[in-house]
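Listed here are the chains, written in short residue letters.
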Amino acid sequence: MEMPPASDPARPGTSPVTSPVTSPVTSTVTGVACAAGAGALWGLVFLAPELARAFNPLELTIGRYLAYGVIAAMLIAPRWKTLSPLLDGRHWRALAWLGFTGNTLYYLLLAGAVQNGGIAMTSLVIGFLPVAVTIIGSRERGAVPLRQLAPSLLLCVAGAVCIGWQAIGEAVAAGSGGAAKLAGLLCAIGALASWTAFAVGNARSLARFPTLSGDDWNLLTGLVTGAQSIALIPVALLLGTAQHAAMDWARFAAVSIGVALLASIAGNALWNRMSRLLPLTMVGQMILFETLFALLYGFAWERRWPEPLEVAAFLLVVASVLCCVTAHRRPQPIAAVA
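Calculation criteria
- Residues numbered from 1 in each chain as written.
- Predicted model: local features only at pLDDT ≥ 70, side-chain atom pairs only at ≥ 80, totals over all residues.
- Heavy atoms only, no water.
- Helix = DSSP H or I, 4+ residues; strand = E, 2+ residues; numbered from the N terminus.
- Buried < 20%, exposed > 50% of the residue type's maximum accessible area, 1.4 Å probe, protein only.
- Contact = heavy atoms within 4.5 Å.
- Areas by Shrake-Rupley, 256 points an atom, 1.4 Å probe, with all protein chains shown as cover.
- Salt bridge = Lys/Arg side-chain N within 4 Å of Asp/Glu carboxyl O.
- Core = buried A, V, L, I, M, F, W, Y, C linked by side-chain atoms within 4.5 Å.
- Phe/Tyr/Trp six-rings, centres within 6.5 Å; stacked < 30°, edge-to-face > 60°.
- Lys NZ or Arg CZ within 6 Å of the ring centre and 35° of its normal.

Draft legend 1. Here's a closer look at the overall build of the chain. A count of helical and extended segments in the chain gives 14 helices and zero strands. Taken from N to C terminus, the helices and strands of the chain fall in the order α-α-α-α-α-α-α-α-α-α-α-α-α-α. For the chain, the residues scored as buried account for 49% of the 338 residues in total. Pairs at least 24 apart in sequence give 88% of the contacts found in the chain among residues at least 6 apart. Working note: accessible area of the chain is about 16600 Å², and carbon and sulfur atoms make up 69% of it.

Draft legend 2. Broad picture of the pattern of salt bridges. Counted by the stated rule, this structure contains three salt bridges. Between Asp88 and Arg90 there is a salt bridge whose closest N-O contact spans 3.4 Å. Taking the relative accessible area as the measure of exposure, Asp88 reaches 31% and is therefore partly exposed.

Draft legend 3. Up close: the nonpolar core. By size, the foremost hydrophobic cluster in this structure holds 85 residues, and its most contacted members are Phe46, Trp195, Trp217, Trp271, Met274 and Met286. Setting aside chain neighbours within four positions, we find Trp217 in contact with His91, Ala94, Leu95, Leu98, Asn202, Ser205, Leu206, Phe209, Leu212 and Asn272.

Draft legend 4. How the structure looks around the environment of Leu223. Here Leu223 shows up in helix α10 (residues 214-239). For Leu223, a relative accessible area of 24% corresponds to the partly exposed category. Considering only alpha carbons, one finds Leu223 and Gly69, 154 residues apart in sequence, at a separation of 4.7 Å.

Draft legend 5. Representation of the packing of aromatic side chains in the model. Applying the stated criterion to the full structure yields 13 aromatic pairs. Between the aromatic rings of Tyr106 and Trp195, the centroid separation amounts to 6.0 Å while the plane-to-plane angle is 65°, which identifies the pairing as edge-to-face. Of this pair, Tyr106 sits in helix α5 (residues 89-117) while Trp195 sits in helix α9 (residues 178-208); the two residues are 89 residues apart in sequence, bridging distant segments of the chain. Since its relative accessible area comes to 3%, Tyr106 is described here as buried. On the basis of an interplanar angle of 35° and a centroid distance of 5.6 Å, the ring pair of Phe209 and Trp217 is categorised as tilted. Its relative accessible area of 4% is what places Phe209 among the buried residues. A residue is classified by how much of its surface remains accessible, and Trp217, at 1% relative accessible area, is buried. Taken together, Trp42, Tyr106, Trp195, Phe198 and Trp271 form an aromatic cluster joined through their ring pairs. The aromatic ring of Tyr107 is capped on one face by Arg64, whose charged end is 4.7 Å from the ring centroid.

These values are about where atoms sit, not about what they do.
Below, the structure written as structure tokens:
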């Protein structure tokens, strides 16, 4: 993904020498830091279904994104008169699609995967997301060729295999129900497909609409997703049969608001900032941070240390990110000798 140039050499009054230009190395470091922050916050969403297990995935999705929509509306209200003239049908169609694929559908499937298959298995499947996004991004103009990304992708796959082998071994040893595990796996695969569509579409939309800042785009996505959550309330009322105690509702509200603030508002803002600093093939690799933090939170929730295979997976995933960063470093130009 390419941003508009800082200066136009062909335009009178501008100079590519004197205009401020962001260093590629600085952009890469800043982008990776933003991705790590987003991953740390997004990893919390894997804990939410466990913290509010009394509620089903549809209820958890509505709660999270209804809170996200309300908070987004409050934050964007002071600037609405200035922002609204910049929006047209193209923006709203893109926002509706991204809100559905990256928020509503994704979290509905992810919550089902966590509650049926566990955090480790869900993290494993979502961990393949960088592979899917990188393969799609490799077709973008100016993208790093796949052959240069092969070491990073192989390390990513190796790390995911380690995590999966560990999770499957534990499930077999514990005699877990096969039907629930299968349902969780299918939900996780669906979440993987949904978030792949979002990651690619969001990066392209941010490049297509440069007049909107990443923060504004995030808040507008929240507005649209909040509207989708309201539309799902009648469905939840028709399907919901469980009765909840007051304490359960209090926890549900706290989890919904907390995830909306930390993951949807702060996490998405960091991710959008990163998406404008890094190319699409590298954006895919940065999603590995979410997998790493989700697994760390899962170990803390289960009050255990990682097994040897899980430690190996961590090291492989980190090595994958470092290899990807190295592949995207442009060689410094050699000064001409007079």
